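Summary of the model geometry
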There are 2 protein chains.
Amino acid sequence: MDKLTVIKIGGNVIDNPAALKRFLTAFAGLPTAKLLIHGGGKVATQVAEKLGIQTTMVEGRRITDQPMLEVVTMVYGGLVNKQIVAQLQSLDVNAIGMTGADAGTVLARKRPVKDIDYGMVGDIEEVDSGQIQFFLRQNLTPVFAPITYSTAGDLLNTNADTMASAIAVDMAHHNDVTLIYCFEKKGVLKDPTDDNSVINELTPALYADYKAAGAINKGMIPKLDNAFRALENGVSKVIICHADEVAEAVKQGAGTTLKK
Amino acid sequence: MDKLTVIKIGGNVIDNPAALKRFLTAFAGLPTAKLLIHGGGKVATQVAEKLGIQTTMVEGRRITDQPMLEVVTMVYGGLVNKQIVAQLQSLDVNAIGMTGADAGTVLARKRPVKDIDYGMVGDIEEVDSGQIQFFLRQNLTPVFAPITYSTAGDLLNTNADTMASAIAVDMAHHNDVTLIYCFEKKGVLKDPTDDNSVINELTPALYADYKAAGAINKGMIPKLDNAFRALENGVSKVIICHADEVAEAVKQGAGTTLKK
């Protein structure tokens, strides 16, 4: 099977034009077929504030009401996605920006209301990896904004880490997939206060130990849960590294590599 | 050659959710392969105002400075484009939303500064109709926002009428193309104050007469110039009609049909 590198970049890279340019240049140079999923960064929050849209929090979690969905659609699906596409075109990558609604690539379902009504948030139901494969065969590089759609015609806000994991898993039916989460640290850290305490290899047993000890906590937990899920479901390799190390990660490994 | 209907809808349809839904339902039911180019509507102006971005006018013409380009990219390329795509998906049309930057479909050049610096405005250089044809063959329906890109990696604001005309002309290499401009009137009017004074057939000679008499004026002139240019460059049929009459226009004609 052909190699495919699925990369997720977080908001911190998007918020920093110089970092984004470095990343996109490295991304453009990757030797395999590739696919990018981007987060949103602070721009959405800034735009929402300027538009006078309140961020609704329920039990510490952000709710996507209709006005916030519109902001997310504008900023992630429009501004960020198209700026990345245009930059990639200038780097000779024939990028095609999309949300999950485009070409019906990532179908979701509005999250059912249990204790909390998250609003217009989508849980992924189905990835059309055949359709994505068709773009790759045409030498196009899909660039996904973290937005999905429902059969009812709604757009839905979806976590970018989860979207990357779901796409990687489904693409593993067609490709030998490496999934790379790029973020602002050099990898998963043993000691969150020491940027050089990168764990080179992480197994589920080690992950459990670090969680129990509190060394891995907060936002890293859902990220790693997504990452291990991908590994258990057909993705060949999962790496978590700094956005500046993506070329090394693909070449010889960098940051933290997850092992089954 | 296979028939292809290229349709441009204007801002007035986009500003009215009920009218947009009616239009998209008719569009979904068209019997030919199809492609949509949409304008922006008032949302961009409203968002710009709320964000405190001034609209710069020079000699009565709007200038696209960098902040305004970002608004246009958000609103046209994100919000409007993705809402249309999601609605079309719910109508069983496998729509794929794009700007000219996506898949390198519509390359432009920043308009050279002569008397006026229009800012980030793109004059179309090249349409990759082969790429668009490839989407159509895959049973995808492209939905274009009026944004193009330059080889330097810039996004550029481009007039939607011009973009529709340029795409239609280039697609005529592959297809028997009908180009339809949908707007808020029933067609080109003999008397701008009488909505029922539709000119059924318009030739270049008649057009010249109506222009000389002042019956056709203002915004209709660039629209008709674009329309006649398409007809002279390989497009089989050009129609200008109300958005509610698009099904009739494709079936037996409606509004104003341009003749060579």
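Residues numbered from 1 in each chain as written. Chains lettered and ligands numbered in written order. Predicted model: local features only at pLDDT ≥ 70, side-chain atom pairs only at ≥ 80, totals over all residues. Heavy atoms only, no water.

Notes on unusual backbone geometry
The backbone phi angle of A103 of chain A is positive, close to 60 degrees, even though this residue is not glycine. Mapped onto the fold, A103 of chain A is located in the loop between β5 (95-98) and β6 (106-110). For N139 of chain B, which is not glycine, the phi dihedral falls at a positive 65 degrees. Mapped onto the fold, N139 of chain B is located in the loop between α5 (129-137) and β8 (141-144). With relative accessibility at 61%, the residue N139 of chain B sits in the exposed group. (Helix = DSSP H or I, 4+ residues; strand = E, 2+ residues; numbered from the N terminus. Buried < 20%, exposed > 50% of the residue type's maximum accessible area, 1.4 Å probe, protein only.)

Details of the interface of chain A and chain B
In this assembly, 38 residues from chain A lie in contact with 38 residues from chain B. Together chain A and chain B conceal approximately 3,000 Å² of surface at their shared face, both sides included; 69% is due to carbon and sulfur atoms. Contact with chain B buries area across many residues of chain A, yet M74, K82 and F134 of chain A alone supply 19% of it, more than any other trio. In this structure, K82 of chain B and D102 of chain A form a salt bridge, with 3.0 Å as the shortest nitrogen-oxygen distance. For the pair chain A and chain B, the number of links is 10 residue pairs in polar contact (both at pLDDT 80 or more). The leading source of residues in the side of chain A that touches chain B is helix α4 (residues 66-90) of chain A, at 14 residues. In the side of chain A that touches chain B, the residues fall into 18 nonpolar, 15 polar and 5 charged. (Contact = heavy atoms within 4.5 Å. Buried area = accessible area lost by both parts, 1.4 Å probe. Salt bridge = Lys/Arg side-chain N within 4 Å of Asp/Glu carboxyl O. Polar contact = N/O pair within 3.5 Å; in protein donor to acceptor, adjacent residues only side chain to side chain. Nonpolar A, V, L, I, M, F, W, Y, C, P; charged D, E, K, R; others polar.)

A closer look at the UniProt feature "domain: Aspartate/glutamate/uridylate kinase" (unreviewed entry) in chain A
Per the UniProt entry, the sites bearing "domain: Aspartate/glutamate/uridylate kinase" (unreviewed entry) are residues 3-241 of chain A in this numbering. Annotated as 39% helix and 25% strand, the span residues 3-241 of chain A places its first and last C-alpha atoms 19 Å apart. (UniProt positions renumbered as here; feature names shortened; annotations may be inferred.)

Some details on the sheet that holds strand β11 (residues 176-183) of chain A
Residues and elements named next belong to chain A. The 8 strands are arranged β5-β8-β2-β1-β11-β13-β14-β12 in an open sheet whose pairing can be described as mixed. Strands at the two margins of the open sheet, each flanked by one partner only, are β5 and β12 (201-202). Sheet topology note: the β12/strand β14 (residues 256-258) ladder contains 2 bridges and is parallel. For L202, the partnering residue across the bridge sits in β14 and is L258. Sheet contacts for helix α5 (residues 129-137): β1 (3-9), β2 (33-38), β5 and β8 (141-144); angle to β8, the most-contacted strand, approximately 130 degrees. (Pairing = 2+ DSSP bridges. Axes fitted to C-alpha atoms, helices over the stretch in contact; angles between N-to-C directions.)

Some points on the state of the cysteines
Using the criterion set out here, one finds 0 disulfides over all chains in the structure. Here C182 of chain A stays unpaired: no disulfide links it, and the sulfur of C241 of chain A, its closest cysteine neighbor, is 4.4 Å away. (Disulfide = S-S within 2.5 Å.)

Looking at the packing of aromatic side chains
Applying the stated rule across the entire model yields 8 aromatic pairs over all chains. Considering the side-chain rings of Y207 of chain B and F228 of chain B, the 5.3 Å spacing of their centres and the 20 degrees angle between planes classify their relative orientation as stacked. In this pair, Y207 of chain B is assigned in helix α7 (residues 204-213) and F228 of chain B in helix α8 (residues 220-232), connecting sequence segments 21 residues apart. Its relative accessible area of 6% is what places F228 of chain B among the buried residues. Taken together, the ring pairs in this structure connect F134 and F135 of chain A together with F134 and F135 of chain B into an aromatic cluster. For K211 of chain A, the ring lying beneath its charged end belongs to Y207 of chain A, and the centroid distance is 4.2 Å. (Phe/Tyr/Trp six-rings, centres within 6.5 Å; stacked < 30°, edge-to-face > 60°. Lys NZ or Arg CZ within 6 Å of the ring centre and 35° of its normal.)

Here we look at the environment of M68 of chain B
Residue and element names in this part refer to chain B. If you trace the backbone, M68 turns up in helix α4 (residues 66-90). Measuring from C-alpha to C-alpha, the distance between M68 and T203 comes to 38 Å, with 135 residues separating the pair along the chain. Once you skip the residues sitting within four places of it in the chain, M68 turns out to touch A48, I53, Q54, T55 and I63.

A few points about helix α3 (residues 43-50) of chain A
Those residues of α3 of chain A not exposed but buried are A44, V47 and A48 of chain A. Mapping the buried residues of α3 of chain A onto a view down its axis gives an arc of 100 degrees, with all of them on the same face. Turned more than 90 degrees away from the buried face of α3 of chain A, the exposed residues are E49 and K50 of chain A. Of the surrounding secondary structure, the elements contacted by the buried residues of α3 of chain A are α4 of chain A together with α4 of chain B. Phi turns positive one or two residues past the end of α3 of chain A, at G52 of chain A, with a value near 75 degrees. (Arc of directions from axis to C-beta.)

Considerations on the nonpolar core
Of all hydrophobic cores here, the largest spans 98 residues; its most connected members are F23, V71 and M74 of chain A together with I7, F23 and V71 of chain B. If sequence neighbours within four positions are ignored, M74 of chain A has contacts with V47, L51 and L79 of chain A together with V47, M74, V75, G78 and L79 of chain B. L4, V106 and I216 of chain A together with A164 of chain B belong to the second largest nonpolar core, which has 88 residues in total. (Core = buried A, V, L, I, M, F, W, Y, C linked by side-chain atoms within 4.5 Å.)

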